[in-house]
Amino acid sequence: MLNAIIINSLGRLWTDLGDYGKAIDYHKQSLAIDEELGQMQGVSASLGNLGVIYYSIGEYETAIQSHEQHLKVARKIKDIPGQGNVLGGLGLAHLALGHMRKALHCHRQHLKLAKASGDLQGQAIATGSIANVYLTQGDLDRTLDFCGESLALSREIGYRQGGVKRVGHPRQYSFGS
């Protein structure tokens, strides 16, 4: 198990250094070890890291596959924050592919989980992501409503990592993460 943790850490290091090929290799190695040992937390972490990397390099379909596997594991181990994070990642990947309904569905599921668990930061991120989808669709009224909600939640908890960040093309912005 320690071997898988170290290998996963090396994957994150290579991600930070921008060598996504090496990062993917290390995360796949870690995933294989954790699957063999039945270490579901490690499986979840590796799948999540792979999904983020594939999204970062524009391989959105592969990111979706990794995120969907991650979501199954997160649900199996009852990792509520992990489910929220992966739903956010799924929503972003679907948005990048122009799958607006799927993106909105994922972000709304994230919001529902965050509300049920009292996770205000998760709520701020999810409402910002919903605003992002509406902005991409050109629905400025809904964008402003969800953006305002995200900003209010962010201020309430002192969450300053939000803000507007570009995702994909100039009309796509991420308000939450």
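Residues numbered from 1 in each chain as written. Predicted model: local features only at pLDDT ≥ 70, side-chain atom pairs only at ≥ 80, totals over all residues. Heavy atoms only, no water.

Chemist: I tried to follow a nonpolar patch on the surface on my own but got confused; where do I start?
Modeler: Residues Leu2, Ile5 and Ile6 make up a contiguous nonpolar surface patch of roughly 290 Å² in combined accessible area. Note on placement: Leu2 falls in helix α1 (residues 2-16). (Patch = residues over 30% accessible without salt bridge, like charges linked within 9 Å, V, L, I, M, F, W, Y side chains within 5 Å. Areas by Shrake-Rupley, 256 points an atom, 1.4 Å probe, with all protein chains shown as cover. Salt bridge = Lys/Arg side-chain N within 4 Å of Asp/Glu carboxyl O. Helix = DSSP H or I, 4+ residues; strand = E, 2+ residues; numbered from the N terminus.)

Chemist: How should I be thinking about the pattern of salt bridges in this particular structure?
Modeler: Working definition: two side chains of opposite charge can pair if their charged atoms are close together. If you walk through the whole model with that rule in mind, you get one salt bridge. Between Asp139 and Arg142 there is a salt bridge; the shortest N-O distance is 3.7 Å.

Chemist: Explain helix α2 (residues 20-37) here, please?
Modeler: Along an α-helix, residues three or four apart share an orientation, since each turn contains 3.6 residues. Here α2 is 18 residues long and its end C-alpha atoms lie 25 Å apart, about the 26 Å a rise of 1.5 Å per residue gives. The set of residues buried in α2 consists of Ala23, Ile24, His27, Ser30, Leu31 and Asp34. All buried residues of α2 lie within an arc of 130 degrees about the axis, which places them on one face of the element. Against α1 and α3 (40-56) lie the buried residues of α2. Trailing α2 by a residue or two, Gly38 shows a phi angle of about 70 degrees, which is positive. (Expected span 1.5 Å × (residues − 1). Buried < 20%, exposed > 50% of the residue type's maximum accessible area, 1.4 Å probe, protein only. Arc of directions from axis to C-beta. Contact = heavy atoms within 4.5 Å.)

Chemist: In this structure, what is going on with helix α8 (residues 140-157)? I would like to understand it.
Modeler: The terminal C-alpha atoms of α8, which comprises 18 residues, lie 26 Å apart, in line with the 26 Å expected from a rise of 1.5 Å per residue. If you check which residues of α8 are buried, you get Thr143, Phe146, Ser150, Leu153 and Ser154. For α8, the arc enclosing every buried residue in end-on projection is 105 degrees, short of the 170-degree limit, so these residues lie on one face. Among the exposed residues of α8, those pointing more than 90 degrees away from its buried face are Asp141, Leu144, Asp145, Arg155 and Glu156. Of the surrounding secondary structure, the elements contacted by the buried residues of α8 are α6 (100-117) and α7 (120-137). A positive phi of about 75 degrees marks Gly158, the residue just after α8.

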